Every structure is written in structure tokens, then in C-alpha cells.
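Working through the structure, step by step
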Amino acid sequence: MDQPDNRRRFLARLSERLGKSRRESAPPPEGETREEKLTEEERISRFLHNLSLLGGRGVRIRGREELKRRLMEDVEGDKASPLIFWKDAFLEEITDDLSNVERIPWESGRDAAELIRDAERAKAGLVRADWGVASTGSIALIGGQGRGRSVSLLPPVLFVVLNRENLLSDTGNVWSRFGETRGEGVPAYIHWITGPSRSADIEGDLSIGVHGPYRVSVYLLE
Amino acid sequence: MRVGIFATCLVDVFFPEVGISMVRVLRRLGFDVDFPEGQTCCGQPAFNTGYWAEGRRVAKGLIRAMESYDAVVTPSGSCAAMVRRMYPRLMDEEPEWKRRAEHLAARCFEFSEFLVQRGLVDLGARLEGTAVYHHSCHMRRDLQVTEAPLRLLAHVRGLTLKALPHPEDCCGFGGTFAVKMGGISTAMADEKVDHILSTGVDFLLGSDMGCLMNLGGRLSRRGESVEVLHVVQLLDRGLN
Amino acid sequence: MNGKSAFQERVGKALEDDFLRRSVRETQDRLRGGRVAAAADWGDWEALRTRGEAIRRHTVEHLDVYLDRFATRVEEAGGHIFFADTAEDARRYILQLAVAKGVSSVVKSKSMVSEEIGLNHALEAEGVEVTETDLGEFIIQLAGETPSHIIAPAIHKNRKQVAELFSREAGRTLSDATEALTAYARRRLREKFLRADMGITGCNFGVAESGSVVLVSNEGNARLTSSLPRIHVVVMGMERLVPRWKDLDVLLTLLTRSATGQKITSYVTAITGPRRSGDADGPEELHIVVVDNGRSALLGTKYQHVLHCIRCGACLNVCPVYRHIGGHAYGSVYSGPIGAVLTPLLNGLEKYGELPYASSLCGACTEACPVRIPLHELLLELRRDQVEEGLSPRVEQMAFRGFAWMAEDPKRFFAAAKLGQWLTRPLADEAGRLKKGMGPLSPWTESRDFPRPASQAFRDWWRREGRREGGTDDGSTR
């Protein structure tokens, strides 16, 4: 079937049923977006609280050195080797000292199948969040070069670094950033992650880690 | 103010004591009440089953009988909701009848709603005992009256009102649903009855004889002795 | 009607299944409790519902415009879009794609519309292996069943049954502990994800302004399905759009809070086009199949509202009928109040005429619906259509004609009441209760006592005493 023709016919049927010509339009209804005026401290405490509600672990970190120390402890505690991470100067630097750990950078130039095998083999993934949201305890990862989807998805443990200045109040603050873009200007993915993977499909009994990570730690870097 | 009593078919035929109590309570409060004998039923059995034409024929009879009163008061949240919310819609294609339906809709009230709107919440009733109140779905959701009966009951001295688990759940009556889907209807009634019994009260109270006939019928079949009363019966009893 | 209908048979079976009823009750209580708490937590929930309703109404009223825009944006981002008039068209497109691309293994994440179009069977008939990856869907796929709840598809299965199914699949005996079963599913399904050539997902929302597809899940299987296989196919009901990202925000909030009471699900994923150059993972191809399958026939009718549904399941979670019979009794993909409305609309009242009557019209569904679809009023409309199209039982038609004839005239009505009073005398017990009824009343009296018409009707009292009593009242009148 000729596809443009199929689309035209389909849409024409809708217009007819709706009793109007297709060009006829109207702006979508407007309304207030909830925007709570929170101080930075309130944002942080709310973020940590909401993250813990969905079983995530959030930690406030002051400075790079503390981050390195804390990461080292957690990598050890979670037996998180091999560790796969997005290849970016910052993440490379903070993982530099993890000498007992097999470190795998996600390098886009490498063979894709091999990268995915590595991510599958890894015990932990490490990424940098683009945004965090206080009202839900979520972090947002935005697609782009070198930011493989598998890193935050396949390993059983996920470490996320979130800069405090990227912590916003509501999800709407993030979505609205994509309003003016189209085509490849819109990132290939926007992934919101809030705590570990969960399911209640067996007798309503909560179980963690059914598909994605069992453990999610967010380092809120101040 | 001339108040027309719309007794409803269930009260008229099966539960006259509810209508009698309502007349007595309203008179005691000084209302000039009348019962026009041209009335029968609001038409819900037909309307709710999909027989709009039949429902409309019955509705017209009720409109004719009741439209000349200043206010129409009924001991049923469900029938009041039918008149107020559905009658105008039922007459959509007959403008003259639609006007008459809207006229009646604007002055038809469920009993407790009628009193509370006039500030009549403490009737001076006294009755010892414990009770739960069952909200009928049509009264709660379609008529949007939930607080009025509770306010009247809160002023009955000696009466302790207990909370019913899942008070928002339907009792399973649903008019013809109770016979078309008898098994489901019974399962719903049973859960409600279990909730009522778990409170250990003396009285089950309500504002719709449909629900109370359903729950009362199940209670008595299960050999339970909770006394089932319409709010107006309890008030009447507490005033004498 | 002679004998029990297939629907009544299923209802009867469900009512006897104590496990099913207990687990549906528990699931309902958990989910509806969560919804109420999440609504309260939000603050002005009614204002949010009003906004959500307005967005859905607007989108459906301009669905042609938004679908057109969505399709253009999908293509600009490098995706393919196909418009399927029927379930058959949708299946054919996906099958042809699978064959053309040499697909032998498919992973799926939960999608009601793919159930609606019977996609799994069609793929399996062509020799393609299809694996459902949502834990609940995986369970029922192994059992050869269909979902019984929109968001909790396997609530009718207990852990022993799950352990048996998984043990059979594993070829060894597994413990029935939740962790053990989940761990097995993770390992087993991970193998499938890594091998699959095609991932098929539904679509919670499509964003018209960007051509994005938004998926929500708690398990993360929608992420895996849309990230690992080389081809990603999205099957979406044609009405699943929102105009803009900011509208999406409103509806996502309504969706997750109404469905499970969560502020957000563990994963929310917005996908725009296939992988970009330089990306090492993500699908090479993205195909979006927009399904009509009877939906457009609802546009411009009194049922257009039903297309506002965002498939949160809130109406199932408050429905007292669903509570006692579960999802399978409805005999269709969509169950509960939304199923009772949607199924006859998509598949005809001839076949599903009983569903609109599977409701006490209590209105709990309408009250819970986050986008305010007047579900119980639509059930009334469907009953009306059924009667006006002459599809209701003849006996019932006669009964209601008789009822109207009597109720139009008080003399006839009360003559009938008196007759009933006289006829039931021999049937009543000493307290005047009927323990056994005749004909249409017997489903009542099977389980409940029924009162006899009073020996003195209210109007008799009024004539004898009531009217006169009023005359002797010496108080002032209000």
C-alpha cells in the first residue's frame, strides 16, 4: 500500500467524522503548571525523600574528593566490578582511583554488540544525570553521543551523579525544555529513572530488580 | 410553603411506615404537606434498564402530579437524583416537557437535604443505640448529598454513629441489576453486610429503600437481627 | 433467554473462585488506596482533572490535526509511521516487516492494543517467537491466558501457580518465593532481550509537537524492549496523543497517580526516532503503527468521550462488579467499567450486549476517572441503544411496556400492587417475608428475602388518616 495515500485516507476519515476540515484547529487549552517555590534546601530534602519512597538511595556529596571516596566505598560494598560508565572526562576522573575495579568506558566507536555484551557483563553502571526533580525523586538522562542506553539499564547496580544546580522542582520544568525543538533536535531518548526496577505482579508482593537495576544510588553533588 | 410528598413506589407499596414517618416529621416542623395521589413511580426501573420511552411515559405522570408544589420532598436520594439530573435529559426532544421537567427538577429534594438546607439539623430527637449509615450511590454521586443525613443523625441524642469500612462501596442493589445479575449483586450485598456486622451496631440506617430492601433482605436471610431503618423513621421514633 | 449465557457462565465461575476474589479485592484495595492518597498529596486534584479532561477533549476533537502533525514529526526524526484502519491491516504491516527484516524472535512489553489486534497469534503463526516481558504478562503467556487487569495482568494467579508455570519453563523445580520467581524471570527474559530482533511496545502517549512516544513502566521492560532489539515497533491506539510536552506532564501525573498512586513510575521513557548516528545502542529502525480498528466510528457520536481514556485502570480499581468477578468474566481484552463501555462499542452490542448491564450504576468509575469520562452514564446510553435497536429480550420488552402502562395510571398500579399482595400471601413466612420468588424475582429471592406489598399502602393510610391528621395540626405552617 502506498503509505502517504494510506495516511491521507485515514486522516480524511477522521476529519469527516469530526465534521470539520482538517486544517481547522485551535490552540490547546492552557492552565497553570504547578510550580512550587522551593528553596534549594527544600528541593534537596524533598528529592531525597521522594527517591527513598521508591526505594532509591540518595546521598549528599560535598565536592569531588568526597564523591570519589563515597563511590569507592559503594563500589566495594555493592561488589560493583566490572563498572561500565559513560565516557566523559568527569566520570573518567572520578573513577580513576578505582584501581581494583575493571573499568569499562562506553565508547561509541566500538562494536555495538560488544558494548552491549560488556554492559551485560558489568555489575554496575555509572552515569551523569542531566536533571533531577524534587517533586518525584527522579533523575532524567538525555540521549546523546556516548550516552549509551544500556549503561543505566543492564547492570544490576546503577550509580548516578547529579549536580545540585540541575535539581529542579517539577517534571514540567524538564519537559518544557523540549517544546521548541523538532526532528533530530529532540533527543533520541529522555529516560526518567526513579529508584530501582520494581514489580508487584506476583500476588501484589513487591519485588525489586525484575528487569532493570536492583539498586540505584544518586550522588547529589554540591 | 406547600410541600408535596413524593413517596416513591417502594415506600408507597412496600414500606408505608417510611412515608408516614416523613409526614409526621415534616408536620412537626410546621410544613404544610400534601400527597397527590396521581403519583406512582419516577420511572427508574425502565429508564435504567434502557427503556427510555417507557421511562418517559412514567416520568410525565410524576411531573403532572407534582409540578404545582412549592417544594417536592422524597425519602429517596436515588429518585430525587432521577428527577433532578435525568428528567430534563429524558425530555430532550420535547421542549415543553423539558421545561416542565426542569421546573420540577429545581424544586425536588431528598428529605435530609431539604431539612438541612433550611437549617433544620437538630430536631430534638433522642434514641439510645449504635448505628451505621449506608450512603446510597445515587444520593452520594448523582445527587451529591453526603453530609445532610449525617448532620441530622449527629443531633440525635443517645445515638452513636459508627464508621462503615469502605463507605463509598455500592450495596449491590442497582435496580434491575439485582435480578439481572443476581449473583454479583449478592456478592456485593454480602461484603456490605460483613462490613455492617463487623461494627456490631443495633441499626443500619439509610436514605434509600432500594438499598435497605437489598441489605435488609440479605441480613434477614443470613439470620441477622440488625434493625434496618430509614433515617426519617429513626428521627420519628426519637421524637416520640 | 434459555439457559445461561457465556457471560453468565464466566461470572458464575468467577464468583466461585475464592482465590480470585480475594486477590482482586486485595489488589483493588492497594491500588485504590494509593490513588486516593496520591490525589490528596497533589493538593488541588480536581483542578488537575479538569485540565486533563480539557486536554483530552481538545486532542480528540482535533485528532486529525494532531495525528497529521505527529506523523510528520515522526518522519522528521527518522521514524516510519503506518496508519492501520483495521486490526488486520496492523497485523499485516508488522508481519510483513518481520518477514522482510528476517525477524525470528520478538520481545514485547505490555500493550493492550496489541492484545486487541491479536498480534501475538499472528506472529506465532508465521513462526516468529514472541515473548511477553512484563512479569505479569510473562506469567499469563506461559499459562496461555489473557490479561485480567489493565495494569496488573496476572492478579488472578497465585504464587503456587506461578511457580508451577516457571518450573515447567525452567525444566526444574523453583521455589514459590517472590524473589526466586522474579530472579528466574529476570535471567530468562534477559536472554530473550539480548537475542530479540524486534521489540514491540504499546504507547502510553504520543507527543504531537515532537513525534515522540512515551512509555511508562515500573519494571523497566519497556526500556529494554525499546533499547536492545534492532527494530522497535510501537503499536498505538489512534487517540493516544497529547499536543505538547507540557500537556504530557499533566496527563502523566494523572496516569501514574491514578493507576498505582505513585508520583511517577520507576521508568518513564520518551523516544524520538531511532538511534542517531554515533549511538551504539537503541533501535536502528522505529516503526509506529497507528490503529483505528473501530475507534473513528465513535468520533462525532455521544460516545466520543470514551476515546479520552488514558488506560490507568482507576475505574477497575473502584468497581464493585469487577471486584467480585475479575477481568476474565468480561470476555474481552478491556474489562471493568471501561471495558463494559468500550467492548460493545468496538465489537458490537449483538455480541457484548450484556456488558453494559454488568454495573449497578453506582458511579464509582465516573468519580475515579482522572479525565472525567462519565462512564456510568455511557453505560446508560448503551442500554438505551440496545433497547432502541431492538436487541433486548422480548420478554423484557413486554415487561417494561406493561410496567409503563401500569405506572402511568395510579389505579392500575395499585390494583397490581393489591393483586401482588394477595397472590404472595401463601408464599410468605410469618413475618411477611418472601423466601421464594416467582419468575423474574427468583434471582433476588435465591439469596435475599423480599417484602410483600404492605396490606395498607401509604396512599391508603393517607386517605384514611394522613390527610385528616394534617387538618388537626394547630401549629403555624412554614
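Residues numbered from 1 in each chain as written. Chains lettered and ligands numbered in written order. Predicted model: local features only at pLDDT ≥ 70, side-chain atom pairs only at ≥ 80, totals over all residues. Heavy atoms only, no water.

On to the environment of Ala122 of chain A, then. Residue and element names in this part refer to chain A. Following the sequence through the fold, Ala122 ends up in the loop between α5 (112-121) and β4 (124-128). In this structure Ala122 comes out as buried when scored by relative accessible area, which is 2%. Along the sequence, Ala122 and Lys79 sit 43 residues apart, while their C-alpha atoms lie 11 Å from each other. Apart from residues lying up to four places away in sequence, Ala122 is in contact with Pro82, Ile84, Pro155 and Pro156. (Helix = DSSP H or I, 4+ residues; strand = E, 2+ residues; numbered from the N terminus. Buried < 20%, exposed > 50% of the residue type's maximum accessible area, 1.4 Å probe, protein only. Contact = heavy atoms within 4.5 Å.)

Our next topic: the packing of aromatic side chains. Tallied over the full model, the rule gives 23 aromatic pairs over all chains. Pairing Phe178 of chain A with Trp245 of chain C gives two aromatic rings, centres 5.8 Å apart and planes at 55°, and the pair type is tilted. With Phe178 of chain A in the loop between α6 (171-175) and β9 (189-193) and Trp245 of chain C in helix α12 (residues 245-259), this pair bridges two chains. Neither Phe178 of chain A nor Trp245 of chain C differs from the other in exposure class; each is buried. Feature note: the residues Phe14, Phe15 and Phe173 of chain B together with Trp444 and Phe450 of chain C constitute an aromatic cluster, connected by ring pairs. The side chain of Arg177 of chain A reaches across the aromatic face of Trp131 of chain A, ending 4.1 Å from its centre. In this structure, Lys180 of chain B is placed above the aromatic ring of Tyr357 of chain C, and the distance from its NZ or CZ to the ring centre is 4.1 Å. (Phe/Tyr/Trp six-rings, centres within 6.5 Å; stacked < 30°, edge-to-face > 60°. Lys NZ or Arg CZ within 6 Å of the ring centre and 35° of its normal.)

Right, let's get into the arrangement of the chains. Among the two pairs of chains in contact, the pair with the most contacts is chains A and C. Separated throughout, chain A and chain B approach each other most closely at a C-alpha pair spaced 20 Å apart.

Let us look at the layout of surface pockets. Empty space left among the atoms is revealed by rolling a probe the size of a water molecule over them. Put simply, the second largest pocket is a space of about 960 Å³. Put simply, the parts of the chain that give the lining of the second largest pocket at least two residues each are β10 (198-202) of chain A together with α2 (18-42), α6 (112-116), β6 (212-217), α11 (221-227), β7 (231-237) and α12 of chain C. Of the residues contributing to the lining of the second largest pocket, the split by class is 19 nonpolar, 15 polar and 10 charged. (1 Å grid on protein atoms, 1.4 Å probe; cavity = no way out; pocket = protein on both sides within 12 Å on 5 of 7 lines; lining within 4 Å. Points joined across faces, edges and corners; volume = space filled by probe spheres on them. Nonpolar A, V, L, I, M, F, W, Y, C, P; charged D, E, K, R; others polar.)

Moving on: the interface of chain B and chain C. Listed by partner, the interface residues are 72 residues for chain B and 79 residues for chain C. Linking chain B to chain C there are 13 salt bridges. Two residues, Glu168 of chain B and Arg32 of chain C, come together in a salt bridge whose shortest N-O distance is 3.7 Å. Counting the contacts that link chain B with chain C gives 41 residue pairs in polar contact (both at pLDDT 80 or more). With eight residues, the top contributor of residues to the side of chain B that touches chain C is helix α11 (residues 182-199) of chain B. Here the side of chain B that touches chain C is built from residues that sort into 35 nonpolar, 19 polar and 18 charged. (Salt bridge = Lys/Arg side-chain N within 4 Å of Asp/Glu carboxyl O. Polar contact = N/O pair within 3.5 Å; in protein donor to acceptor, adjacent residues only side chain to side chain.)

Domain boundaries in chain C define domain 1 (49-297) and domain 2 (394-471). Centre-to-centre, using C-alpha coordinates, domain 1 of chain C lies 55 Å away from domain 2 of chain C. (Domains from an automatic or database assignment.)

For sheets, the rule is that strands pair by backbone hydrogen bonds, running either parallel or antiparallel. Residue and element names in this part refer to chain B. The parallel open sheet is built from four strands, whose spatial order is β2-β1-β3-β4. Unpaired on one side and paired on the other, β2 (32-34) and β4 (108-110) mark the two borders of the sheet. Pairwise comparison of adjacent strand axes, ignoring direction, gives a mean angle of 35° for this sheet. Bridging between strand β3 (residues 71-74) and β4 involves three bridges; their strand directions are parallel. Paired with Val73 across the strands is Phe109, a residue of β4. The strands touched by helix α2 (residues 16-28) are β1 (2-5), β2 and β3; relative to β1, the strand with the most contacts, the crossing angle is about 170°. Contacting β3 and β4, helix α5 (residues 77-90) crosses the sheet at an angle of about 155° to β4. (Pairing = 2+ DSSP bridges. Axes fitted to C-alpha atoms, helices over the stretch in contact; angles between N-to-C directions.)

Here we come to the interface of chain A and chain C. The partner chain C presents 100 residues to the 84 residues of chain A that form the contact. Between chain A and chain C, the buried area comes to about 7,600 Å², and carbon and sulfur atoms account for 53% of it. Taken as a group, Trp175, Ile202 and His211 of chain A account for 11% of the area that chain A buries against chain C, more than any other trio of residues on that side. Here chain A is connected to chain C by 11 salt bridges. The partner of Glu75 of chain C in a salt bridge is Arg7 of chain A, with the nearest N and O atoms 3.4 Å apart. Connecting chain A to chain C are 52 residue pairs in polar contact (both at pLDDT 80 or more). Elements with a contribution of two residues or more to the side of chain A that touches chain C: α1 (3-18), α2 (40-53), α5, α6, β9, β10 and β11 (205-208) of chain A. In terms of residue count, the dominant contributor to the side of chain A that touches chain C is α1 of chain A (11 residues). Its residues assigned to classes, the side of chain A that touches chain C comprises 34 nonpolar, 31 polar and 19 charged. Where β9 of chain A and strand β9 (residues 267-271) of chain C come together, five bridges link them in antiparallel fashion. The residue bridging Trp192 of chain A from the neighbouring strand is Val268 of chain C, located in β9 of chain C. (Buried area = accessible area lost by both parts, 1.4 Å probe.)

A few words now on the packing of helix α4 (residues 52-66) of chain B against α5 of chain B. Residues and elements named next belong to chain B. Packing of α4 against α5 leaves a shortest axis separation of 10 Å and a crossing angle of 115°. Handedness of the α4/α5 crossing: left-handed. For the pair formed by α4 and α5, the contact residues are Trp52, Gly55, Arg56, Ala59, Leu62 and Ile63 on the first element and Val83, Tyr87, Arg89 and Leu90 on the second. Of the residues assigned to the contact of α4 with α5, the class counts are seven nonpolar, one polar and two charged. (Left-handed = near helix turned anticlockwise from the far one by under 90°.)

All names here are of chain A. Note that β10 and β11 share three bridges and pair antiparallel. Each residue of the ladder has a partner; that of Ile202, found in β11, is Asp205. Following β10, the chain reverses through two residues before pairing antiparallel with β11; Glu203 in that reversal takes a positive phi of roughly 50°.

Once that is clear, we can look at helix α1 (residues 6-15) of chain C. Because each turn of an α-helix spans 3.6 residues, side chains separated by three or four positions in sequence point in the same direction. For α1 of chain C, the complete set of buried residues consists of Phe7, Val11, Gly12, Ala14 and Leu15 of chain C. Down the axis of α1 of chain C, the smallest arc covering the buried residues is 165°, so these residues share one side. Relative to its buried face, α1 of chain C has exposed residues pointing more than 90 degrees away, namely Ala6 and Lys13 of chain C. Turning to α1 of chain C, the residues buried within the fold contact α11 of chain B together with α2 and α14 (320-325) of chain C. (Arc of directions from axis to C-beta.)

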